[in-house]
Every structure is written in structure tokens, then in C-alpha cells.
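Residue-level listing of the chains:
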Number of protein chains: 2
Amino acid sequence: MNNTRILLARRPAGLPDRSTWTIETVAARRPDDGEFLAEVRYVSLDPAMRGWIKEGKSYIEPVAVGDVMRAGGVGEVVESRHPDFAVGDHVIGISGVQSHWVSNGKGVQRIDPGVDPARIPLPEYLGVLGMPGMTAYFGILEVGAIQEGETVLVSGAAGAVGSLVGQIAKLKGCRTVGIAGGPAKCAQLTDEFGYDAAIDYKSQALYPALKAACPKGIDVYFDNVGGEALDAALAFLRLRGRVVICGAISQYNEAKVKGPENYLSLLVNRARMQGFIVFDFAQDYPRGMRDMGRWLAEGSIVSHEHIVKGLETFPETLLMLFDGRNQGKLVIEV
Amino acid sequence: MNNTRILLARRPAGLPDRSTWTIETVAARRPDDGEFLAEVRYVSLDPAMRGWIKEGKSYIEPVAVGDVMRAGGVGEVVESRHPDFAVGDHVIGISGVQSHWVSNGKGVQRIDPGVDPARIPLPEYLGVLGMPGMTAYFGILEVGAIQEGETVLVSGAAGAVGSLVGQIAKLKGCRTVGIAGGPAKCAQLTDEFGYDAAIDYKSQALYPALKAACPKGIDVYFDNVGGEALDAALAFLRLRGRVVICGAISQYNEAKVKGPENYLSLLVNRARMQGFIVFDFAQDYPRGMRDMGRWLAEGSIVSHEHIVKGLETFPETLLMLFDGRNQGKLVIEV
């Protein structure tokens, strides 16, 4: 039984190119006592990965050079010496970017065997019911603290997190405005994700577009991109507005981050800007998954996965996140 | 009876120079029914004044060109046709930069006649018991939400607000570190205002100095200056840290504000950056004044006023705030 895996070969300076990674196939390790071996079916690709391969202090240890690249994954147990996991179980956890995953079960979640896997496809456990789903749920509800009738602006609005943030805010009675790149994504925002308005940052000037789309100003800005969009949103922030810092994908590959020049809008508007990490809400995931699962089953929210086949495509597929070619949650089918 | 007053002649581009102002002496208006006339004794000079003469939307209407410059002041009633104010009363309010002030009493506070004016000098009603005092009190306690044992960093630490923030945080059991410019102010921080450590931004590199002075990192950063200090503080922010945006004096005269490049520290550290305006706490001023008055009387906090004589010095005296020549609360004695 062979394990194909992607290792971090070296830390990239800007965009992680092909030389960042090593692809190798080795004999799969067999599980020891207290471990299981799973075949990984889907691997999650997330903007946060860029941070994980950076040197230095962050909210999580960086991936060491020479180690298997960190990733969330969903797989099926094929051999078990662990009392809580049986052959045939579907499991979710930090599998790494590899085809075969040995785990001691720590932090691993078993998919409820009562759930029909045909009804909730496995990739959704990496999207709407996974890290992006929980990020959207806790980010907009707990950190953004949205109220009915408020105007919510989302950047990266067609992405895995952004598409869900908009739908949750809409469910809660907010006016939702999304920023995305290109006409196809913008059409998807209004047609598929229920946004009240879409702004194409590639063809529209942000300030006049925001002024038109948010006539009362912005109560909550959920930021996935940083850069110009953050500054434009700050300019239209309302009294006691909230800026949720979820990510800054426009800045991750830059040597020098662009700081928000309009940050004094926080002072004028008695507003706050707050960062969060989804892992902080881990003890509340059951509530998040219950709500998201129910909304999904009811059809109140839709999930959109962008599936690319083949683990060996990882180096190129990852780049889709940074040039915006993915539509919805990006996963690799192993 | 003549009124000497300072009018806004035109909006300045950078630093407000002499041509920004008109000084004139006119006959003082006599009070109508429901008004009083006070002789202004002291006028408060505050960094916020730079914002008040800027065009455009802010938390308060800008001063109109041709109008008397807005300022807090303390005076003595010399003629009254208002039922609540009698000749001889000392009053605090938005007097404007002028020697004679006619008011309908709205927003005006009468100094408790039971208080011995020799024991609490009038300028302190513009400092520790005035707007800077309330700014420090509510900013560090309510917005900063300091806890015993935390490390609190303050910029503009020798100023009217900063000197009080440090003392309040010290009273609450925090480690206090202040940033100020020059050896005289830094000596004052530790000797007079009880700071545990002082950093001279004019002679020390901020990053190593902060690392040495805040070995555990920074829990709360109270920012009066913006610019480099804000970035350096963000770099050393601790988990769930709070950045209180009170002002940004380093940026007020700049055409282009420097945004905080290290703002993603908010994400990594699940931290928040929040602005506030002291007027939002107006209904709680009595509590703030009671506490500050008691601490002052007990000697737990000290107040330091920098008094310059002569209303006509206003254009030059105001500039002291921007080049940092004042030590403590800057007031003009009329």
C-alpha cells in the first residue's frame, strides 16, 4: 500500500511555486496500537495554508520544511487498532496532503454513520460543515454580531467562507453586499448565494460602487482579502460598525502588507476591528454544525464545491486561491 | 466690555500656521433672557482641535470658517439672565477660544460651590476633571477593559490623556510602559506619573525597546499617536489584546495617513482595535469625575498642567501639541 504525499521543500518568498513542494510516493505506514489508517478521499485547500508555511510566530506552529503539508481531509478507515474507529468509518481531521493517513484519533471527528453519505456528499464536510463553514458561522454571528436590518459587506464573497457568510447574514435578515472578481462570480453571488448586490472589483471602482450598494453605510464588514477593499469598507463604516478580520488573501504573498489607511474611521465611528481564529470556537462546533446542517437540509443555504482531481495537482491547484480561479470551496479529490 | 477672540480664517493643509487664524477684539455681546455672560479664565488646547477644523464628516460638525474656534473653557459668570447660573459661579463648557462667553447653559457644568477653588485649581477642571480626564478614565477602563496584572502600553504618555491613563492603569495593578519624546518627558513618566518603564521614541528604536520593556508582550495599547508606534505595539500584542484608538497626533497633519501594516496581528492574536469618543460616555461623567476627584484628593494620581499666558498666543501655543513641547495638559490662561 503506497502513500503519495506532498512535503514542504522550502519556504516560498512570494507565491508558492512548484519548487516549494516535493511530491513523493512511499510505502504507507501501518497503524500502531491506538492508531488507525485511513484512505484520504478529499483534501481541503485553504488560504490559511499560505500562513502555515511561513516562518515565525503565529496562531499555530508553521509546517516544518521536510514535513507533510498540513491540510484538513476526509477519509475512510481501512485498518484500525483504535477502539473508537472501525474499518469503513468516514473520518474528518487534519489528514495532511497525502493519500494515506495514520492517526491516533486526536482531533478526529467520525461522520455520524446514520447520515446517508449520498445525501451529504463527503466534500461538504470540508466546506459548509467543515472549517470554512464554522469560520463563516462563528465569524459573522459571534464576532460580527449581526443584527436584523443591518448592512453586511463581504469580500472574497464567492469563496468557501464568503459565500456562506452572505447566506447566513441574509438568513438573519441583513442586506448583503458581496465583492468578488469577474462577471461569473458576481452573477453567482446574486443568483446562487442570495446577495442583494454584487461588486466586481476587477471592473468597478470600489468607492462609488460601495456608495451605491450600501446607501446607509456598512454595519459589518467581513474581510477575507485586506488591501484596497478594507480601506474602502472603512470609509463607509457606520456608527458602532464592526470589521471582522478573517483573512487578507491579497496580502499573503506580499513582502510588505498594506495597512488600512482609513483605520481612523474606527475612532470617528466608535467602531471596532477584530480578528478571530475558528479553532477558538472548537467547543461550540456541534452547535454550528447542527445549524449549518439544518439550513443545508432545508435548502436555506447552498454549498458550492470546486473539485479538482489528483493529489499531484496540489502545487498548481493551490494557486487558484490566489488568482481567484476557484468558485466556492476548493478541494482535491485524491 | 471687550471680547478678544480667535476665529478660523481658513482650513489649513498641513500644520495650522498663523494664517489659519484671525484674532480680533469686539464689543462683548450682553446676555439675552435665558443666557449668562462669563469671563473665560482658562481655555483648553487639545489635539482633537486639528480634527475640528478639517472639512468633512466626523463625529462632530467642523468649525465653520469665520466662526470662533471651538474649545473647552472654564470661566466665571459676570452677568446672568439665566435662572441656574449666578454672578460669581464658576462654569465649565465649550466656551470657544475667547475672553468673554455668552451661553444658554446647555452642556455647561457649574463647579460645585462647596469645593474650595484654592484646593482644586481651575485648570484641573480642563484636565484631570475635564475632557482629558474623562477620556483617560473611560478609554482605559471601559474600552481597554484592563485587568490586574496586565501590561499596558501608552503613547503620548506625558500628555494630558496619556499621563492619566498610565496612572489609572497603575492604580488598577497593571504594569505600565509609556512612550514619549525626549529625556525630560521620559523622566517625568517614571518619576511623576509612576510608569514602570519609559521609552524615548526620539532616541530609541521602538521594537527592541518594547521587547525589553514588555517582556510578556502587550495586553492593552492605548494609542494617542498612530504611525510607527501603533505598528510596533501591534507586533508585540498578546493573545486577546486590545488596542484603544484615542487619537493619532502623528498623522493629523499628514495628507496621507499611514495605515498599520501589522494589523493582521489582530487576527493571529484574536485581538481587537477599537475607537471611541469621550462624549459617548457623557451620562457616566459623574462617576468618572467622582473617582478621578477622589484619586486626586488622595494623592493617588497627580495632575500636571502646562499653562501659557495670553489668548493671543493661541496660534503658536497650539503648535506645541504637534511638536511635543507641552508637558501635561496644555491650557491658555486668558
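Residues numbered from 1 in each chain as written. Chains lettered and ligands numbered in written order. Predicted model: local features only at pLDDT ≥ 70, side-chain atom pairs only at ≥ 80, totals over all residues.

Overview of the overall build of chain A
When its secondary structure is counted, chain A shows nine helices and 15 strands. Rg of the C-alpha trace for chain A: 20 Å, near the compact-globule value of 20 Å for 334 residues, within the 12% margin. Projecting the C-alpha coordinates of chain A onto the three principal axes gives extents of approximately 60 × 45 × 35 Å. When burial is assessed residue by residue, chain A has 51% of its 334 residues classed as buried. Put simply, of all contacts in chain A between residues at least 6 apart along the chain, 66% involve residues at least 24 apart. (Helix = DSSP H or I, 4+ residues; strand = E, 2+ residues; numbered from the N terminus. Rg over C-alpha atoms; globule rule 2.2 N^0.38 Å. Buried ≥ 20, exposed ≤ 12 C-beta atoms within 10 Å, placed from the backbone. Contact = placed C-beta atoms within 7 Å.)

Things to note about the sheet that holds strand 9 (residues 175-180) of chain B
Pairing within the open sheet is mixed, and its 12 strands lie in the order 10(A)-9(A)-8(A)-11(A)-12(A)-13(A)-13(B)-12(B)-11(B)-8(B)-9(B)-10(B). Two strands close off the open sheet at either side, each with one partner strand: strand 10 (197-200) of chain A together with strand 10 (197-200) of chain B. Between one strand axis and the next, the sheet turns by 15 degrees as a mean value, whatever way the strands run. Here strand 8 (residues 151-155) of chain A pairs with strand 11 (residues 218-223) of chain A via three bridges, running parallel. Note on strand 11 of chain A: the bridge partner recorded for Val 152 of chain A is Val 220 of chain A. Helix 4 (residues 183-191) of chain B rests against strand 9 and strand 10 of chain B of the sheet, and its axis sits at about 165 degrees to strand 10 of chain B. (Pairing = 2+ DSSP bridges. Axes fitted to C-alpha atoms, helices over the stretch in contact; angles between N-to-C directions.)

Focus: the interface of chain A and chain B
Taken together, the contact pairs 25 residues of chain A with 25 residues of chain B. Contributions of two or more residues to the side of chain A that touches chain B are made by helix 7 (265-268) and strand 13 (272-275) of chain A. No other element matches the four residues that strand 13 of chain A contributes to the side of chain A that touches chain B. In the side of chain A that touches chain B, the residues fall into 14 nonpolar, five polar and six charged. In this structure, strand 13 of chain A lies alongside strand 13 (residues 272-275) of chain B, joined through three bridges in antiparallel fashion. In the strand pairing of strand 13 of chain B, Gln 274 of chain A is matched with Arg 272 of chain B. (Nonpolar A, V, L, I, M, F, W, Y, C, P; charged D, E, K, R; others polar.)

Observations regarding the domain arrangement of chain A
Residue and element names in this part refer to chain A. Domain annotation for chain A reports domain 1 (2-127 + 304-333) and domain 2 (131-279). Here domain 1 and domain 2 have C-alpha centroids that lie 28 Å from each other. At the interface, 18 residues of domain 1 touch 15 residues of domain 2. At the level of secondary structure, the elements contributing two or more residues to the side of domain 1 that touches domain 2 comprise helix 1 (48-52), helix 9 (314-323) and strand 15 (329-333). Of the residues assigned to the side of domain 1 that touches domain 2, the class counts are six nonpolar, nine polar and three charged. (Domains from an automatic or database assignment.)

Side note on the relation of the copies chain A and chain B
Overlaying chain A with chain B gives an RMSD of 0.0 Å, the required rotation being 180 degrees about an axis along which the chain moves by 0.0 Å. Both copies of the chain, as the preceding transformation shows, are related through a two-fold rotation axis. Measuring from the rotation axis to each C-alpha of chain A, the shortest distance belongs to Gly 259 of chain A, at 2.1 Å. A share of 100% of interface residues in chain A that are also interface residues in chain B marks the association as one of identical surfaces. (Least-squares fit on C-alpha atoms with pLDDT ≥ 70 in both.)

Comments concerning the pairing of strand 3 (residues 36-44) of chain A
Residues and elements named next belong to chain A. The buried count for strand 3 comes to eight of nine residues, which makes it a mostly enclosed element. Note: strand 3 against strand 6 (residues 100-103), four bridges, orientation antiparallel. When the sheet's bridge partners are listed, Ala 38 is paired in strand 6 with Trp 101. Sheet topology note: the strand 3/strand 15 ladder contains three bridges and is antiparallel. Each residue of the ladder has a partner; that of Ser 44, found in strand 15, is Val 331.

Comments concerning the pairing of strand 4 (residues 73-80) of chain A
Across a regular strand the side chains alternate sides, sitting on one face of the sheet and then on the other. Pairing of strand 3 of chain A with strand 4 of chain A, which is carried by seven bridges, proceeds in the antiparallel orientation. Each residue of the ladder has a partner; that of Tyr 42 of chain A, found in strand 4 of chain A, is Val 74 of chain A.

Observations regarding the environment of Asp 291 of chain A
Here Asp 291 of chain A is to be found in helix 8 (residues 285-298). In the structure, Asp 291 of chain A is positioned 162 residues away from Leu 129 of chain A in sequence and 9.6 Å away in space, judged by C-alpha atoms.

A short note on the packing of helix 2 (residues 131-143) of chain B against helix 3 (residues 160-171) of chain B
All names here are of chain B. At a minimum axis distance of 8 Å, the contact between helix 2 and helix 3 shows a crossing angle of 45 degrees. Relative to helix 3, the element helix 2 is oriented oblique. Remark: the crossing between helix 2 and helix 3 carries right-handed chirality. When helix 2 is examined against helix 3, the residues Pro 132, Gly 133, Thr 135, Ala 136, Tyr 137, Gly 139, Ile 140 and Leu 141 are found in contact with a partner set consisting of Ala 160, Val 161, Leu 164, Val 165, Ile 168 and Ala 169. Among the residues forming the contact of helix 2 with helix 3, the class breakdown is 11 nonpolar, three polar and no charged. (Parallel < 35°, antiparallel > 145°, perpendicular 65-115°, else oblique. Left-handed = near helix turned anticlockwise from the far one by under 90°.)

Examining unusual backbone geometry
Residues other than glycine predominantly adopt negative phi, and peptide bonds predominantly adopt the trans conformation. Residue and element names in this part refer to chain A. We note that Ala 145 has phi near 50 degrees; this positive angle belongs to a residue other than glycine. Within the secondary structure, Ala 145 sits in the loop between helix 2 (131-143) and strand 8. In this structure Ala 145 comes out as partly exposed when scored by C-beta crowding, with 14 C-beta atoms within 10 Å.

Regarding the environment of Met 289 of chain A
Within the fold, Met 289 of chain A resides in helix 8. Taking the C-beta count within 10 Å as the criterion, Met 289 of chain A has 18 such neighbours and is therefore assigned partly exposed.

Thoughts on the confidence of the model for chain A
Per-residue confidence for chain A averages 94 on the pLDDT scale, and 98% of its residues sit at or above 70. Here the predicted complex carries an ipTM of 0.86, next to a pTM of 0.89. (pLDDT = per-residue confidence, 0-100.)

Things to note about helix 9 (residues 314-323) of chain B
One full turn of an α-helix is made of 3.6 residues, so residues set three or four places apart face in the same direction. All names here are of chain B. Those residues of helix 9 lying buried are Phe 314, Thr 317, Leu 318 and Leu 321. One side of helix 9 holds all its buried residues, which, seen down the axis, span an arc of 105 degrees. Of the residues in helix 9, the exposed ones pointing more than 90 degrees away from the buried face are Glu 316 and Asp 323. Summarising the contacts, the buried residues of helix 9 are in contact with strand 1 (2-8), strand 2 (21-27), helix 1 (48-52), strand 14 (305-309) and strand 15 (329-333). Backbone geometry just downstream of helix 9 places Gly 324 in the positive-phi region, at approximately 75 degrees. (Arc of directions from axis to C-beta.)

Here's the deal with the environment of Val 87 of chain B
Residue and element names in this part refer to chain B. By the secondary structure assignment, Val 87 is in the loop between strand 4 (73-80) and strand 5 (90-93). The exposure class of Val 87 is exposed, given the 12 C-beta atoms found within 10 Å. Considered as a pair, Val 87 and Phe 36 are 51 residues apart in the sequence and their alpha carbons are 8.7 Å apart. Residue contacts for Val 87: discarding those within four places in its chain leaves Val 77, Val 78, Glu 79 and Ser 80.

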